[in-house]
Each structure stands twice: as C-alpha cells, then as structure tokens.
Amino acid sequence: MTTFYAPQPNRRALLRLILAGAGAAALPGLAACGSDDGGTSADTVSFGNNQSDQVPKDAITAVLRSFEGESGLKVAVNTKQHEQYQEQINNYLQGKPDDVLAWFAGYRMRFFAEKGLTGDLTDVWSKVSSGYEPALKEASTASDGKQYLIPFTQYPWGVFYRKSVWQQRGYEVPKTLDEFVALATRMKSDGLVPIAFAQKQGWPGMGTFDQLNFRINGYQFHVDLMAGQEDWQGPKVREVFDTWKRLLPFHQENALGREWQEAAQSLQQGKSGMFLLGSFVAQQFKGADVDDLDFFAYPEINPEHGQDTVEAPIDGYMMSRKPGNPEGARRLLEFLATPAAQLAYLKADPTAIATSNKADTSGYNALQLKAAQVIKDAAHITQFLDRDTDPRFASDAATNGLNAFIQDPDDVDSVLKGMADQAKTIFTG
C-alpha cells in the first residue's frame, strides 16, 4: 500500500526527483530512511520497518526481540511512517538502507531487484524453500530466476461487515453487482452509510479499482494493464470507471480527507454497512468486536470471470544490496521464514495469515481460517495495484488519477487521458 495524496506542485517535483533516483541532498525536506549506524557492527543488524501503526509495530517488535534472544545479535529497528516509507523507498534503496527491510511481493519487488537495488537471497531460499509453496517462491523471484524476498504474512482483500448488524437488519451477502447495488440502496434507506470509504492516504481506492477491473475484464487483462500493455483510454477501462461512478453515491462522502482507520471505525461503530479493505481492517476492532467481523469476496460482475480472482498481498522482507552485516542479515531473514516467527507476529496481530506451509493454523481465529481458505480457493491472486505496476505509475499517475476521479467522477475523460499519457511515457518512453 502506498503512496501520495493530492501532491502539491512542489511535491510533485520532489516526487520526480525521487523516481529519477536523486540523492538525499537534492531532496530538502525528505530525510533518507536509512539507519544512521547502518548495522555495520558484527553484533547488530539494522532493520527497516514500515509497520508504524501500533498493533503491527508491537507485533514485529516482539518477533525481533525473540530473534535477539535466540541469536545473540542485536536488531536496530528503524521505523518510518507507513506512507512515508513507501514514498521514499527508491531514494532509500539508493542511499544507505538498513540491512533487512520491509517490502512486498509483486512487480515492485522485481523492479527494485532488476535495478540491482536489493540483495540476492537465493542462498537463504536454499535453506527455507521447503516451508513455502511454489507460488510463494514464484512471487519472490525476479526475471533472473533468483529470489529477493522472504514472504512473511499474507492477507486477502474483501468486503467486510459486522455480522450482528446484518443479522439485525436481515441483510444477505450479495453474489452479483445488481444484488450489491440493491443491498447498498437498502442500507442507505435504513440510515447507514452503505460503503465506508477513505482515500486520504492515497492507496485505499486502488483496491476498489482492482476489484472492479478484474471482475469486469478478468485477471489477464488486469495484469496486462498493470504492465502497460493495455490502453487506459480503451473501452474496457472506461467500463470500470463507469461502474465505479454508479457505485460512488453509496460510498462515504469526503473520502479524500479520511484515513482508512477512520473509515474502519465507522464500520466498527455500526454507522457503515460495508468496507472494502484488506483483513488488516480488524486492527481497528477489539475483543468481541473481532468475532463479529466477517467478509465476502467482491460480487460477480462479468459471468465470464465470476469471482475467480482474489487480491491477496504478500508482505515480506528484502536485504539491501550491500548490507553492513551480511551474515546477520541472512540469519534474520532465515528466522523470519520460520513458522515460529510468523505465528509470534500473528499472535499480536491476528489479521493476516502465515506464509509458511509449516505454520500451525489450529490457533487461527474464524477470520484467519476464512482468509486462508479464500486464498487457497482462488484461481488467480493479485498483489494490489501499487505492487503490481511500475512504481512511477503507481505513485503519480494512478494515485492522482483516482483522486481526481473521486473528486469529480463526471470528468472521467480527462482522468483517463492523463493516466494513458503517463502510462505511455513510463512504459514505452
């Protein structure tokens, strides 16, 4: 997840410098993410952490403390605010990144690997590969056939709701878009906000685009569009935005000024009926409220594709290209591949599932068990727009284009032209 929210002209210029690989000195106001000491001592590993929200931050901290106890090494944790981490990743990797750093599977992982900005983890994979299914190894592999990511956790995106609210109102899970619209219409008449929505952080709306695109046009078109091989001004993409325009009146208003946590709280408080998000939405629910949370796959729109695709991002860890403590970095990454490390994280943040096939799932809650089954049953899995496309396109064209559409859905022609023009420049320029 990512990136920019309504950049001002001067910030847009800074963005271009970042994406061009400008050094930190050229970027006043944007500090480098790297640790000052770089983890250069033999007994210390530096760790770049993007888990800035309290729940996941506490969870990964517990894992790292466990590693310290087992290994005798120290971990210097360098935590950056989640969106800031995403914004600065390109500059960070070209500066003095931490030995081990958080990132995601998908196009952007391969992009940085192919630029030579991250370290080859083939030797680590030779030790841990039995703990992963082939699909996870594939998701961690770049075009050179080498692995550059250790998967840690995974989670699905879906439409979340409170079971008690739905039981009280007599709502049923919609299977098709028409049923979804009918349900949203009923919720609105019942005094609920049908669909909680937030876009201040720039990335949540990408999830709605993804769902609509692969439900309407299918997995392969979606993948090709993300790779710059399809036309953003074509009729297939136009249908996605026309469908979204039909649904926007059911979305929570003023989304550009709301963070996802606030939207999740409106669902938790029973003010909203549904919320399309990743299962990390449960971080905003406590105690018995977590047991009241459920989700369903986004409804079918085109029968040709049904509900065959699930958005299920893989979070994991990479190694810098020149770690200050290469041996310690590899030991930490090998530890993060273990079911014990992943389950320790999930104990503190039970909103995702372990990626290790050796993890004991008997302690999973109902939401985790459902998440695991949904991912297992999917014919196709996507990673999320900002992970499945070129980082330059995600950070600028996609974010600004979606924000502009949400702000003025009647101006879709200029939105699509802007996105198409930038796609041509980025992918073929």
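Residues numbered from 1 in each chain as written. Predicted model: local features only at pLDDT ≥ 70, side-chain atom pairs only at ≥ 80, totals over all residues. Heavy atoms only, no water.

Trainee: Explain the overall build of the protein chain to me, using residue names and the numbers behind them.
Mentor: The number of helices and strands found in the protein chain is 19 helices and 12 strands. Considered along the principal axes of its C-alpha atoms, the protein chain spans approximately 65 × 50 × 35 Å. In the protein chain, the share of contacts with a sequence separation of at least 24, taken over all contacts with a separation of at least 6, comes to 76%. Within the protein chain, the 53 negative side-chain charges are centred at a point lying 3 Å from the centre of the 41 positive side-chain charges. (Helix = DSSP H or I, 4+ residues; strand = E, 2+ residues; numbered from the N terminus. Contact = heavy atoms within 4.5 Å. Lys, Arg positive; Asp, Glu negative; His and termini not counted. Charge placed at Lys NZ, Arg CZ, Asp CG, Glu CD.)

Trainee: Requested: an account of the pairing of strand β10 (residues 314-319), with residues and values cited.
Mentor: Within β10, six of the six residues are buried, leaving the element largely enclosed by the surrounding structure. Here β10 shows a buried face lined by I314, G316 and M318 and a second buried face lined by D315, Y317 and M319. Both strand β4 (residues 150-154) and β10 contribute to a ladder of four bridges, which runs antiparallel. In the sheet register, T153 faces β10, and the bridge partner there is D315. (Buried < 20%, exposed > 50% of the residue type's maximum accessible area, 1.4 Å probe, protein only. Pairing = 2+ DSSP bridges.)

Trainee: A description of the nonpolar core should follow, citing residues and the corresponding values.
Mentor: Judged by nonpolar contacts, the single largest core of 130 residues is most densely connected at F209, W232, F241, W244 and M274. Setting aside residues no more than four positions away along its own chain, M274 makes contact with V159, F160, W166, F180, L183, A184, M187, P194, I195, A196, L267 and F296. (Core = buried A, V, L, I, M, F, W, Y, C linked by side-chain atoms within 4.5 Å.)

Trainee: Please provide a residue-by-residue account of the side chain of D294, values included.
Mentor: When you line up the elements, D294 lands in strand β8 (residues 293-296). Residue class for D294 comes out buried when judged on its relative accessible area of 15%. D294 has contacts with V159, F160, Y161, K163, L367 and K370, leaving out every residue within four places of it along the chain.

Trainee: Tell me about the packing of aromatic side chains, and please be specific about residues and values.
Mentor: The geometry of two aromatic rings is summed up by the distance between their centres and the angle between their planes. For the structure shown, the criterion picks out 30 aromatic pairs. Their ring planes at 40° and their centres at 5.2 Å tell us that W232 and F393 sit as a pair that is tilted. Residue W232 is found in the loop between α10 (219-226) and α11 (235-247), and its partner F393 is found in helix α18 (residues 391-407); the two are separated by 161 residues along the sequence. These aromatic residues form a ring-pair network of at least three members: F209, W232, F241, W244, F393, F405 and F427. Seen from the ring of F295, K370 lies directly overhead, with NZ or CZ sitting 5.0 Å from the centre. Directly above the ring of F104 sits R387, whose terminal nitrogen or CZ lies 3.6 Å from the centroid. (Phe/Tyr/Trp six-rings, centres within 6.5 Å; stacked < 30°, edge-to-face > 60°. Lys NZ or Arg CZ within 6 Å of the ring centre and 35° of its normal.)

Trainee: Run through the sheet that holds strand β3 (residues 100-104), naming residues and quoting values.
Mentor: Spatially, β2-β1-β3-β10-β4-β11 is the arrangement adopted by the six strands of the open sheet, whose pairing is mixed. At either end of the open sheet lies a strand with only one pairing partner, and these are β2 (74-79) and β11 (353-354). Pairing of β3 with β10 involves five bridges; the strand directions are antiparallel. By the bridge assignment for β10, A102 is matched with Y317. Its contacts with the sheet place helix α3 (residues 82-94) against β1 (44-49) and β3, and it is angled at close to 125° to β3. (Axes fitted to C-alpha atoms, helices over the stretch in contact; angles between N-to-C directions.)

Trainee: Describe the confidence of the model for the protein chain, and please don't skip the residues or the numbers.
Mentor: Of the residues in the protein chain, 91% have a pLDDT of 70 or more, and the chain-wide mean is 90. Taken together, the stretch residues 1-39 has pLDDT below 50 and engages in 98 contacts with residues farther than four places along the chain or on a different chain. (pLDDT = per-residue confidence, 0-100.)

Trainee: Account for unusual backbone geometry, with residues named and values stated.
Mentor: Phi at N254 takes a positive value of approximately 60°, unusual for a residue other than glycine. Locating N254 in the fold gives a position in the loop between α11 and α12 (260-268). With a relative accessible area of 64%, N254 lands in the exposed category.

Trainee: Give a detailed account of the environment of Q307, specifying residues and quantitative values.
Mentor: Mapping Q307 onto the fold places it in the loop between β8 and β9 (309-311). Along the chain, Q307 and K236 lie 71 residues apart, while their C-alpha atoms are 18 Å from each other. Here A297 takes part through its backbone oxygen, which lies 3.4 Å from a polar atom of the side chain of Q307. (Polar contact = N/O pair within 3.5 Å; in protein donor to acceptor, adjacent residues only side chain to side chain.)

Trainee: Could you give me a rundown of helix α4 (residues 107-114), with the residues and numbers involved?
Mentor: Taken residue by residue, α4 has R108, M109, F111, F112 and A113 as its buried positions. In the segment just after α4, G116 is the residue with positive phi, at about 75°.

Trainee: Any chance you could break down α12 for me, citing the residues and the numbers?
Mentor: Every buried residue belonging to α12 is among W260, Q261, A263, A264, S266 and L267, and all of these are buried. Residues of α12 that are buried make contact with β5 (157-162), β6 (193-196), α9 (204-217), β7 (272-278) and β8. G270, located one to two residues past α12, shows a positive phi value of around 75°.

Trainee: Residue-level account of the environment of S71, with values.
Mentor: In this fold, S71 is placed in helix α2 (residues 54-71). For the pair S71 and D43, spaced 28 residues apart in sequence, the C-alpha separation works out to 9.6 Å. A distance of 2.8 Å separates a polar atom in the side chain of S71 from the backbone oxygen of F67.

Trainee: Can you explain the packing of α11 against α18? Please cite residues and give values.
Mentor: Orientation of α11 relative to α18, taken along the N-to-C sense of each, is 40°, at an axis distance of 11 Å. If you check the angle between α11 and α18, you find them oblique. For the crossing formed where α11 meets α18, the hand is right-handed. Where α11 abuts α18, its residues F241, W244 and K245 lie against L402, F405 and I406. Grouping the constituent residues of the contact of α11 with α18 by class yields five nonpolar, no polar and one charged. (Parallel < 35°, antiparallel > 145°, perpendicular 65-115°, else oblique. Left-handed = near helix turned anticlockwise from the far one by under 90°. Nonpolar A, V, L, I, M, F, W, Y, C, P; charged D, E, K, R; others polar.)

Trainee: Which residues make up the sheet that holds β7, and what are the values?
Mentor: Taken in spatial order, the four strands of this open sheet run β6-β7-β5-β8, and their pairing is mixed. Strand pairing shows two members of the sheet lacking a second neighbour, β6 and β8, which therefore form its edges. Going across the sheet, the axis of each strand differs from the next one's by a mean of 30°, ignoring polarity. Relative to β7, β5 is paired through four bridges, and the arrangement is antiparallel. Note on β7: the bridge partner recorded for G158 is L277. Here helix α8 (residues 177-189) sits on the sheet in contact with β6, β7 and β8, set at roughly 135° to β7. Contacts from α12 reach β5, β6, β7 and β8 within the one sheet, and its direction differs from that of β7 by about 140°.

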